[in-house]
Amino acid sequence: MTKARTMVTKYEDDLRLFRRSRWYQVGILLLLVAYLLVPTVASEFQIDVLNRVGYFAIGAIGLNLLTGYTGQVSLGHAFFVGVGAYVAAYFGTQHGWPLLAWLPMAALLGGLIGAFIGPFALRLRGQYLAIITLGLLFVGEHVFDNWESVTGGGAGTQVAAPLKIGPLDFGNLKLGSTVYSRNQGLFFLIWAVVAIVLLLARNLVRTRPGRALQAVRDRDLAAEIIGVSQARYKISAFAVSSMLAAMAGGFYAVIQQYVSPTEFGGQVGLFLSIQFIAIIIVGGVGTLFGSVLGAFVVGALPRVIENLSTNVDLPFVSGDKGGDPGFLTVFSLNQMLFGLLIVAFLLFEPRGLAAVWFRIKAYFKSWPFSY
Amino acid sequence: MSDFLQVTVQGIAAGSKYALVALGFVVIFKATGVINFAQGGFVLFGAYLAYNVGTTWGLPFVFAVVLAMVGGAIIGATVERVALRPMIGQPPFAAIMITIGVLFVLEQIVTSIWGFDTLNLGDPWGNDRIAAGDVTIAVRNLWSVGLAGAALLAFFLFFRYSNTGVAMRATALDPEAALAQGISPGRVYTLAWAVSGAVAALAGVTLASGSGQLSPGIGYVALAAFPAIILGGLDSPAGAVLGGLLIGVSQALTARYLADWSWLGTNFHTVMPYVLMVLILLVRPYGLFGTREVQRV
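Summarised in this report is the structure supplied together with it.

Cut-offs and rules
Residues numbered from 1 in each chain as written. Chains lettered and ligands numbered in written order. Predicted model: local features only at pLDDT ≥ 70, side-chain atom pairs only at ≥ 80, totals over all residues. Heavy atoms only, no water. Helix = DSSP H or I, 4+ residues; strand = E, 2+ residues; numbered from the N terminus. Contact = heavy atoms within 4.5 Å. Areas by Shrake-Rupley, 256 points an atom, 1.4 Å probe, with all protein chains shown as cover. Lys, Arg positive; Asp, Glu negative; His and termini not counted. Charge placed at Lys NZ, Arg CZ, Asp CG, Glu CD. Expected span 1.5 Å × (residues − 1). Buried < 20%, exposed > 50% of the residue type's maximum accessible area, 1.4 Å probe, protein only. Polar contact = N/O pair within 3.5 Å; in protein donor to acceptor, adjacent residues only side chain to side chain. Pairing = 2+ DSSP bridges. Salt bridge = Lys/Arg side-chain N within 4 Å of Asp/Glu carboxyl O. Phe/Tyr/Trp six-rings, centres within 6.5 Å; stacked < 30°, edge-to-face > 60°. Lys NZ or Arg CZ within 6 Å of the ring centre and 35° of its normal.

Per the secondary structure count, chain A includes 15 helices and six strands. Relative to all contacts within chain A whose residues are 6 or more apart in sequence, the contacts with residues 24 or more apart total 72%. Approximately 17200 Å² of chain A is accessible, and the part contributed by carbon and sulfur atoms is 67%. The distance from the centre of the 27 positive side-chain charges to the centre of the 18 negative ones in chain A is 16 Å.

Written as structure tokens, this is what we have:
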């Protein structure tokens, strides 16, 4: 009897990074084609949105490792995004470090600060942790605001960090005779990093550390008893998630070309942190590719609605194309949709878009005997 | 010395407002184990409701406050029934996120109805002040302290002596055992949210009193009340009030006396509550009066 290529019979098969199935390979190929094709066919606006989606995805993968896999809720994610953004501003712009130096520096510094704060924060569990990390946002804003020699103070600072790797300058990309715009170059850079980060994160969760993280999530005391040091894994998860947040922050600074303290602290920072949490809820808590799916929804929706409102007359909304007075502004509509999105997903699809995808897959896998 | 007293009194006044907000958090946490991030939305909603009744409809201020509290209670109960009830048995993370979602919706409802301008609540206190020795106190602040004290007393009596209060404590301790005694946990949860909504409305009124104090920004004061509840311990009403006062006083003192310490940076007092929270949590991870979590495998 021949067994199907996809059948898992050995432990090594179960651990494979890339599955053997034909569909999987076709899917990867399609993604690769999309990666090369999308920037050339999409409009500047669409590429800009996609770049932001990419930055959200990197940060959300980090948060998913912490919240989805280790079960620790952090509202301080925006602080680490801020750290990364300021590394891009300070080392990249002020000191002119090349991309391959300032980006790792962002990750390193984010990871170090995470590892330093982790032991304090992780003395607390669950809801206490959520609130103490909220404190991080306010203290962080204060530091960004007042450490003027590094951060440029409350007025913010310009970011023009170099984007060059060897002969490839992503800020001003030329391949042969084709010249790409800055946004197109950024798209190639950011989404390549998304792919690398996704691969690394997947590698992490499929091996011992990943299983340890999930053991800590499911029952930290029980994990401790079977020999998984919960302190060590909680702190590592915190550090890794901060690292990815800081990398995301670096890209945010580069997309925005300008950073200011209020974006990462206080109320706006809280909103940013909540956006990241919303991404993993919408995408799927505890599934890595869910973070990317969620980033598409949460990252693109507000921009798409803003764009829509300038072209279409939306009912009940003021400030859109029709210009009729409505009781909602476009901003209010966005915030409200965002709130409703979180509530609706938690109530009706708590495992997020990833669960929808799994259901669709299971339906076709067991076809024609699906039910 | 009189300067110190003056600053302390101001701190106590601000602290009693935090305390009222914090009380609302504690009621819900005690009964349902959920930290309600939408509390700021309730505060906002209550304050604007009082404005609407008192100024727009022109009813006496007492009615405005009472109706705002009733409205707050209705909103609280509705939110619990619609959004939080399905979350029973889910991880606390999910419930927190639901309340955050509710916060976003509430804030936008409030600003869509009443706009973004700063308004006058229409309270009878205005900017009146009275002098006691060297210290001058705004009348509205005196009322805030009085209302916070009254609310705490009411909570104490309610939880100690009323049947409903005892039922709520029983449910908080062990929902199943309470169920076996004929208490409906569902009703207790709804009630807790209603009470919290009413207290939040009261907090909103004290926060917005005075001329030109009512703006959507007061919803964010609820964020400053987080350190207060953490300091006191999430499930202790007395702790919430003490935490609120501690935060208020330390903030006022920092603003007055540490302003010259330039290495702390400007406006250090805005982050003082959080610094204090971190310091206390390092020593006592469950707050000053919070119940220690016992873990069993």
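The next thing to look at is helix H5 (residues 99–121) of chain A. A rise of 1.5 Å per residue sets the reference length of H5 of chain A, with its 23 residues, at 33 Å; its end C-alpha atoms lie 32 Å apart and thus fit the reference within 8%. Turning to H5 of chain A, its buried residues number three or more, namely Leu 99, Trp 102, Leu 103, Met 105, Ala 106, Ala 107, Gly 110, Gly 111, Gly 114, Ile 117, Gly 118 and Ala 121 of chain A.

For the rest of this paragraph, the subject is the environment of Arg 303 of chain A. Residue and element names in this part refer to chain A. By the element assignment, Arg 303 lies in helix H13 (residues 288–311). For the pair Arg 303 and Phe 364, spaced 61 residues apart in the sequence, the C-alpha separation amounts to 34 Å. Each residue touching Arg 303, except ones within four places of it in the same chain, is listed here: Phe 45, Asp 48, Val 49 and Arg 52. At 3.4 Å, the side chain of Arg 303 forms a polar contact with the side chain of Asp 48.

Here we take up the environment of Trp 357 of chain A. All names here are of chain A. Note that Trp 357 resides in helix H15 (residues 352–365). Given the relative accessible area of 42%, Trp 357 is considered partly exposed. Along the primary structure Trp 357 and Leu 272 are separated by 85 residues, whereas in three dimensions their C-alpha atoms are 26 Å apart.

What follows covers the pairing of strand S2 (residues 135–138) of chain B. All names here are of chain B. Bridge analysis of strand S1 (residues 129–132) against S2 gives four bridges, and the strand direction is antiparallel. Bridging from a neighbouring strand, Ile 130 pairs with Ile 137 of S2. Taking the residues between adjacent antiparallel strands as the criterion, S1 and S2 are bridged by two residues, where Gly 133 takes a positive phi near 65°.

Our focus in this paragraph is the pattern of salt bridges. In this structure the tally under the stated criterion is seven salt bridges over all chains. Taking the shortest distance from any N to any O, the salt bridge between Arg 217 of chain A and Asp 218 of chain A comes out at 3.1 Å. What makes Asp 218 of chain A exposed here is its relative accessible area of 54%. With a closest N to O distance of 3.1 Å, Arg 85 of chain B and Glu 80 of chain B form a salt bridge. For Glu 80 of chain B, a relative accessible area of 2% translates into the label buried.

All names here are of chain A. With 27 residues, helix H11 (residues 230–256) ought to run about 39 Å at 1.5 Å a step, and its terminal C-alpha atoms sit 38 Å apart, in line with that. When you tally the buried positions in H11, you get 20 out of 27 residues, the bulk of the element. Two residues or fewer past H11, Gln 257 is found with a positive phi of approximately 60°.

Looking now at the packing of aromatic side chains. Under the criterion given, the structure shown has 33 aromatic pairs over all chains. Summarising the aromatic geometry, the rings of Phe 187 of chain A and Trp 191 of chain A are spaced 6.2 Å apart at their centres and angled 35° between planes, so their arrangement reads as tilted. Residue Phe 187 of chain A and its partner Trp 191 of chain A are located together in helix H8 (residues 182–206), separated by four residues, close to a single helical turn. Owing to a relative accessible area of 4%, Phe 187 of chain A belongs among the buried residues under this scheme. Each ring, one from Tyr 48 of chain B and one from Trp 114 of chain B, has its centre 5.3 Å from the other, and the planes form 25°; the classification is stacked. Here Tyr 48 of chain B is found in helix H2 (residues 39–56), whereas its partner Trp 114 of chain B is found in helix H4 (residues 92–114), with 66 residues between them in sequence. You'll find Tyr 48 of chain B and Trp 114 of chain B in the same group, each marked buried. Through a chain of ring-to-ring contacts, three or more aromatic side chains come together here, namely Tyr 55, Phe 56, Phe 79, Phe 80, Tyr 86, Phe 144, Phe 238, Tyr 252, Phe 264 and Phe 276 of chain A. Residue placement shows Arg 256 of chain B over the ring face of Tyr 257 of chain B; its charged tip is 5.1 Å from the ring centre.

As far as function goes, none of this settles anything; it's purely spatial.
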